[in-house]
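Notes for the structure review
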Amino acid sequence: MMKWMYRVFLCSVTMICLIGCAGNQEATDQRDVNNNNHRLGQMSLDKNQVNVQQDDTTQNQNENISILKQNAAGLEGSSEEYHGHISNRPETKQKKEKPPAANNRYKQIQLLAINDLHGQLNVTRRVGGKPAGRVDYLAAYLKQRQAENEKNTLLIHTGDMVGASPPVSALLQDEPTIRILNKLNFDIGTVGNHEFDEGRNELQRLIQGGTHEQTGDFAGSEFPWVVANVVDENTGNPVLPPYKVIKVNGMPIAFIGVVYSETPSIVVPSGVAGLKFTDEVEAINRYIPELKEQGVRSIIVLAHNPGSSSVNGDNPSGELVDIANGVDDEVDIIYGAHNHAYMNSMVDNKLLVQSYSYGTAFSDVDIEIDPKTKDIVTKRAEIITTFQGGMEPDPEISDLLTNYEAAVEPIVNRVVGSAATHLTALRNDNGESVMGNLVADAQRQAMKTDIALMNPGGIRADIDEGDITWGEVYTVQPFNNDLVKMTMTGQQIRDVLNQQWGTNTTMLQISGFTYTWDGRQPSGQRIVSIQLPDGSEMDSNQTYTVTANSFLAGGGDGFTVFTKAQNKEIGPVDLDALVDFISNQPQPFSYSIDDRIQKVEY
């Protein structure tokens, strides 16, 4: 009853705040806000509202969302290195090189790009100890750079614009993020794996427009999204246009989009139902002849694939390098994403670029096109960190943020408990974390099972010492996955633990047992022993009740043994279980490492 009353309260406050704050927006924005108001009056923040899923790739320690905290400046985020944010950026300390003089024989075109925004609209992070990020500061930077070549600048992105977002975006179905990209006049983008979190229909609604039961009518994206390697399973046709040719200063430039082909393994099955993800290189090369026939010689790939390099461009690594070596030499530039890293390197005469994440940086690529051949003849990139110091935030975007923050503020700031110590998601050498223990315990208690297993990629933040707000808990678990109760044999539990060392190492967080592992043993045989709370060894032939979230229960992150479990029952949403568990602790409470996972030391 209390939760229901609070939801009604949120809806009422939302209507007042949005109507009162929308006066400075243009007519189109006013209509969008009013439409949202109408639906938000009926909004219920339950498991149907935000039904996204998590990935846990090679960056499972590097894909975390920051904690929302209230301070004098409004909702601000704090972050750690392992939350997918790189704060040590050597290039920011180097003296900026003077660019070469423009060649008047060629057409001068500027490309401004971002990746992996994840709806981080109002989150401030720190780079080298200085505040950076927030989308209103990002907007100011982009507009400043755009003014240098106003008529010949394109704004582009390479996916994960939404998904695993903080409440200011996620609780409004990530529509605020799309509206802000529209307001900034983005020209083109591709999809990331997180764009599939809520499935094909919701992705197409965000792009093409449509109605959502929680937020009402939405106009959609005002710019095209392209992806060449995602096709309908039945027809084989691309679900979005594979490429788009844009003319800039009279020069045709083709943008081909691709997304990480392993997306089905890091998104719940419902998110990719009916879709087939094909090889990136094959998909890109398929459309090169078609573009050549159209007379297009300037070809750029927008790839939601990982890559990184040294500041000077040395030591390029990641899938982006493989793509560069495999695609047709007509490709000039490949933008990357997904691992939230720095990349500015030349591979096979192709410029590879990635600019960190969360709106804390963007790339400025200057190209010259020969009007006779219509080909890119020079290309150079600069990665710029969006430091807040010395830059005024864009007032128009700031106003939009104020509206969205007001809409979610009542529920975000509700205090649900108090932490006596800092609760960190950082795992120790054994693979155990304080936050992992807390989350796994909460899930086991909610489902009343013998044990619980939790994927670390679904734990997206720390919790600071002091009052814990609903918003902080949300940023720990922003996916609203259902909990699943199931039965598994002791052997199946051992097998699933051995799957932690697959292509990537993914250390599950656990509750209800302890185990020891040996890193010197071959893959599939690293679990030495599994002990129950009474000290006895887990019986391989006995059946135990197990809790996992719906992502793991469906075999996510390569934990396919879960698909063999029996007697599956759906329980509450993971977020609700964690909020309830925290609320019921003696306040203030603390949690710690208690050696649930132990590694054999030699």
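All residue numbers refer to position in the chain's written sequence, counted from 1. This being a predicted model, a pLDDT of at least 70 is required before a residue's local features are given, and a value of 80 or more before pairs of side-chain atoms are given or counted; all residues contribute to the totals for chains, interfaces and linings. The side-chain figures draw on all heavy atoms in the structure; neither hydrogens nor water molecules are used.

1. Examining the sheet that holds strand E29 (residues 597-599)
Strand pairing is defined by DSSP finding a minimum of two bridges between the two strands. Here a helix means four or more residues in a row that DSSP labels H or I, a strand means two or more in a row labelled E, and each is numbered from the N terminus. Read across the open sheet, the three strands follow the order E26-E25-E29; overall the sheet is mixed. Strands at the two margins of the open sheet, each flanked by one partner only, are strand E26 (527-531) and E29. Ignoring which end each strand starts from, the neighbouring axes of this sheet average 15 degrees apart. In the sheet, strand E25 (residues 514-517) pairs with E29 via three bridges, with the strands oriented parallel. By the bridge assignment for E29, Thr516 is matched with Gln598. Should any heavy atoms of two residues lie within 4.5 Å, those residues are counted as being in contact. The axes are straight lines fitted to the C-alpha atoms, using for helices just the contacting stretch, and the angles between their N-to-C directions are given from 0 to 180°. Together, E25 and E26 form the strand contacts of helix H12 (residues 490-498), whose direction differs from that of E26 by roughly 130 degrees.

2. Observations regarding the packing of helix H10 (residues 434-447) against helix H14 (residues 574-583)
Closest axis-to-axis distance for the H10/H14 pair is 9 Å, and the angle between their directions is 100 degrees. Accordingly, the angle class assigned to the pair H10 and H14 is roughly perpendicular. Two secondary-structure elements touch here, H10 through Leu438, Val439, Asp441, Ala442, Gln443, Gln445 and Ala446 and H14 through Asp574, Ala577, Leu578, Phe581 and Ile582. For this classification, the nonpolar set comprises Ala, Val, Leu, Ile, Met, Phe, Trp, Tyr, Cys and Pro, the charged set comprises Asp, Glu, Lys and Arg, and every other residue, Gly included, is treated as polar. Across the contact of H10 with H14, the residue classes tally to eight nonpolar, two polar and two charged. We call two directions roughly parallel when the angle between them is under 35 degrees, roughly antiparallel when it is over 145, roughly perpendicular when it lies between 65 and 115, and oblique otherwise.

3. Thoughts on the layout of surface pockets
A cavity here means a set of points on a 1 Å grid, drawn over the protein atoms and nothing else, where a 1.4 Å probe fits but cannot get out; a pocket is an open set with protein on both sides within 12 Å along at least five of seven lines, and a residue lines either one if it has an atom within 4 Å of a point. Grid points are joined across faces, edges and corners, and a volume is the space filled by probe spheres set on the points. Roughly 1000 Å³ of volume is contained in the largest pocket. Lys96, Glu97, Arg380, Ala381 and Glu382 are the residues nearest the centre of the largest pocket, which is lined by 33 residues in total. Residue assignment for the lining of the largest pocket shows that the elements contributing at least two residues are strand E3 (107-114), strand E16 (342-347), strand E18 (361-370) and strand E19 (375-385). Examining the composition of the lining of the largest pocket, we find that eight residues originate from one element, E19, more than from any other. Partitioning the lining of the largest pocket into residue classes produces 12 nonpolar, nine polar and 12 charged.

4. Comments concerning helix H5 (residues 175-183)
Most of H5 sits inside the fold, with nine of its nine residues counted as buried. Just downstream of H5, Asn185 is the residue with a positive phi angle, here 60 degrees. A simple rule labels every residue: compare its accessible area, found with a 1.4 Å probe on the protein chains alone, to the largest value its type can have, and call it buried under 20%, exposed over 50%, or partly exposed in between.

5. Thoughts on H12
Since one α-helical turn is 3.6 residues long, residues separated by three or four positions face the same way. Taken across its nine residues, H12 has seven buried, putting it largely inside the fold. Those residues of H12 that sit buried are Gly490, Gln492, Ile493, Arg494, Val496, Leu497 and Asn498. Residues of H12 that are buried sit in contact with strand E21 (451-454), strand E23 (482-489), E25, E26 and strand E27 (543-549).

6. Brief notes about the sheet that holds E27
Strands pair in a sheet through their backbones, by hydrogen bonds, and they do so in one of two ways: parallel or antiparallel. What the five strands build is an open sheet, ordered E24-E21-E27-E23-E28; its pairing is mixed. Each edge of the open sheet carries a strand with a single partner, namely strand E24 (509-511) and strand E28 (566-573). Recorded for the sheet is a direction-independent mean angle of 25 degrees between the axes of neighbouring strands. Sheet topology note: the E23/E28 ladder contains four bridges and is antiparallel. Paired with Val484 across the strands is Ile570, a residue of E28. H12 contacts E21, E23 and E27 of the sheet and is inclined by roughly 120 degrees relative to E23. Here H14 sits on the sheet and contacts E23 and E28; the angle it forms with E28, its principal contact strand, is near 65 degrees.

7. Some thoughts on the pairing of E25
Pairing of E25 with E26 involves four bridges; the strand directions are antiparallel. Among the inter-strand pairings, Trp517 is bridged to a residue of E26, identified as Ile527.

8. Regarding the packing of helix H7 (residues 280-293) against helix H8 (residues 319-326)
Between H7 and H8, whose axes approach to 9 Å, the crossing angle comes to 35 degrees. The crossing of H7 and H8 is right-handed. In contact with Glu280, Val281, Ile284 and Asn285 of H7, H8 contributes Glu319, Asp322, Ile323 and Gly326. Residues belonging to the contact of H7 with H8 are distributed by class as follows: three nonpolar, two polar and three charged. It is the rotation of the near helix from the far one that decides the hand of a crossing: anticlockwise by less than a right angle makes it left-handed, clockwise makes it right-handed.

9. Here's the deal with the pattern of salt bridges
Salt bridge, as applied in this entry: a Lys or Arg side-chain nitrogen positioned within 4 Å of an Asp or Glu carboxyl oxygen. Within the structure shown, the criterion is met by 20 salt bridges. Residue Asp136 is joined to Arg134 by a salt bridge in which the shortest nitrogen-to-oxygen separation is 3.2 Å. One salt bridge connects Arg145 with Glu382, and the closest N-O pair in it is separated by 3.1 Å. Of this pair, Arg145 sits in helix H3 (residues 135-146) while Glu382 is found in strand E19, placing the two residues 237 residues apart along the sequence.

10. Concerning the packing of aromatic side chains
We describe a pair of aromatic rings using the distance from one ring centre to the other and the angle between the two ring planes. Stacked, edge-to-face and tilted are the three classes for Phe, Tyr and Trp ring pairs, Trp counted by its six-membered ring, which pair at centre distances within 6.5 Å; planes under 30 degrees apart are stacked, over 60 edge-to-face, the rest tilted. Using the criterion set out here, one finds 11 aromatic pairs in the structure. A centroid spacing of 5.0 Å and a plane angle of 40 degrees characterise the contact between Trp501 and Trp517, whose relative ring orientation is tilted. You can see Trp501 sitting in the loop between H12 and E24 and its partner Trp517 sitting in strand E25, a full 16 residues away along the chain. Each member of the pair, Trp501 as well as Trp517, is classed as buried. Pairing Phe581 with Tyr591 gives two aromatic rings, centres 6.4 Å apart and planes at 70 degrees, and the pair type is edge-to-face.

11. Considerations on the environment of Val415
Looking at the element boundaries, Val415 is found in strand E20 (residues 415-419). It is 9.4 Å that separates the C-alpha atoms of Val415 and Glu472, two residues lying 57 residues apart in sequence.

12. What to know about the side chain of Asp160
Residue placement: Asp160 occurs in the loop between strand E6 (153-157) and helix H4 (167-170). Charged-residue counts in this description rest on Lys and Arg as positive and Asp and Glu as negative, His and the chain ends being excluded. One buried charged residue, Asp160, forms no salt bridge at all, with the nearest opposite charge on Arg460 at 7.2 Å. In protein, a polar contact requires one atom able to donate a hydrogen and another able to accept it; more generally it is a pair of N or O atoms within 3.5 Å, and residues adjacent in sequence count only if both atoms are side-chain atoms. Polar contacts involving the side chain of Asp160 include one to the main-chain amide nitrogen of Asn193, which spans 3.3 Å. At a separation of 2.8 Å, a polar atom in the side chain of Asp160 contacts the main-chain amide nitrogen of His194. For Asp160, the contacting residues outside a window of four places in its chain are Asp116, Leu117, His118, Gly192, Asn193, His194, Glu195, His304 and His338.

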